[in-house]
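Chain by chain, the residues run as shown.
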Amino acid sequence: DTEVTQTPKHLVMGMTNKKSLKCEQHMGHRAMYWYKQKAKKPPELMFVYSYEKLSINESVPSRFSPECPNSSLLNLHLHALQPEDSALYLCASSQESTGTGVHEQYFGPGTRLTVT
Amino acid sequence: GQSLEQPSEVTAVEGAIVQINCTYQTSGFYGLSWYQQHDGGAPTFLSYNALDGLEETGRFSSFLSRSDSYGYLLLQELQMKDSASYFCASFTGGFKTIFGAGTRLFVKA
């Protein structure tokens, strides 16, 4: 199974709502990532978890809160978002656990988020 | 600063060969990856070069020259389904990957 799944596929939320994005992988990968991608732009790294511990936070606003309940699951909790946060949110995982060597990331299909 | 530069668009005909170049300026460079992304889809890993030279995977090859901070993706026997965006990405260690702006490849019949 080389699949990363994400739910929901689409999400529309108001600026006062609280919602969560979910990501799951069963490849035994120990690193999991959240990226944000705007239309016609590259993915931008938001967070990295390694062995269920937060390894990287790319100065993401606190209205985005990541959580890694176990090695297979990754959540992104959303609260008080702004319209400019509308984007495709991609989850990825990788097997490389030491930060060196071949670095292949497997991406999920993404959640297309619209903030109204 | 950290930057990767690649052409914004490339057009080629079916059956042809196309090369997408990438120059990078990043600190802590470990290697260069290439990803393909179709419209509405997720990025898909194509190749990774940690050492200088050419890596071949089927119709796709990737090259890296560390001394020139330069790499390229070579696509042979182009097919219509190769129309997509292609991103070069610098792996800077510690799980951090920085993506270039992407090259949109249009394959014409």
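Right above here is the structure, for reference.
Quick look at the structure, then. Everything quoted here is computed from the prediction, not taken from an experiment.

Examining the interface of chain B and chain A
For step 1, the next point in the chain: The interface is formed by 19 residues belonging to chain B together with 28 residues belonging to chain A.
For step 2, the next point in the chain: Of the roughly 1,800 Å² buried at the junction of chain B and chain A (both faces included), carbon and sulfur atoms supply 64%.
For step 3, the next point in the chain: For the interface between chain B and chain A, the tally reads one salt bridge.
For step 4, the next point in the chain: Here Lys96 of chain B ties to Glu58 of chain A by a salt bridge, and the two come within 3.1 Å at their closest N and O atoms.
For step 5, the next point in the chain: Applying the counting criterion to the chain B and chain A interface returns four residue pairs in polar contact (both at pLDDT 80 or more).
For step 6, the next point in the chain: Listing elements by their share of the side of chain B that touches chain A, those giving two or more residues are strand S4 (31-37), strand S5 (44-49), strand S9 (84-91) and strand S10 (97-99) of chain B.
For step 7, the next point in the chain: With three residues, the top contributor of residues to the side of chain B that touches chain A is S4 of chain B.

Structural notes on the sheet that holds strand S7 (residues 60-65) of chain B
In any sheet, the strands associate via hydrogen bonds between backbone groups, in a parallel or an antiparallel arrangement.
Residues and elements named next belong to chain B.
For step 1, the next point in the chain: An order of S1-S3-S8-S7-S6 is seen for the five strands of this open sheet, with the pairing classed as antiparallel. Of all the strands in the sheet, just strand S1 (3-5) and strand S6 (53-57) have a single pairing partner and so form its edges. Here the average twist between neighbouring strands, direction ignored, is 20°.
For step 2, the next point in the chain: Pairing between S6 and S7: five bridges, direction antiparallel. Pairing of Glu55 across the sheet is with Ser62, part of S7.

The rules behind the values
Position labels on residues start from 1 in each chain and follow its written sequence. The naming scheme follows written order: chains are lettered A onward, ligands numbered 1 onward. In keeping with the model being predicted, local features are shown solely for residues with a pLDDT of at least 70 and side-chain atom pairs are shown and tallied solely at 80 or more, while totals for entire chains, interfaces and linings include all residues. Remark: hydrogens and water are excluded; side-chain values derive from all non-hydrogen atoms of the structure. In what follows, a contact means two residues having at least one pair of non-hydrogen atoms within 4.5 Å. Throughout, buried area stands for the accessible area (probe radius 1.4 Å) lost by two parts on being put together, summed over both. We define a salt bridge as a side-chain nitrogen of Lys or Arg found within 4 Å of a carboxyl oxygen belonging to Asp or Glu. Polar contacts, as used here, are pairs of N or O atoms within 3.5 Å; protein pairs need one atom able to donate a hydrogen and one able to accept it. Residues neighboring in sequence count only if both atoms are side-chain atoms. Secondary structure elements are taken from DSSP: a helix is a run of H or I of four residues or more, a strand is a run of E of two residues or more, and numbering for both begins at the N terminus. Any two strands with at least two DSSP-identified bridges between them are counted as paired. Comment: axis = line fitted to C-alpha atoms, over the contacting stretch for helices; angle = value between 0 and 180 degrees taken between N-to-C directions.

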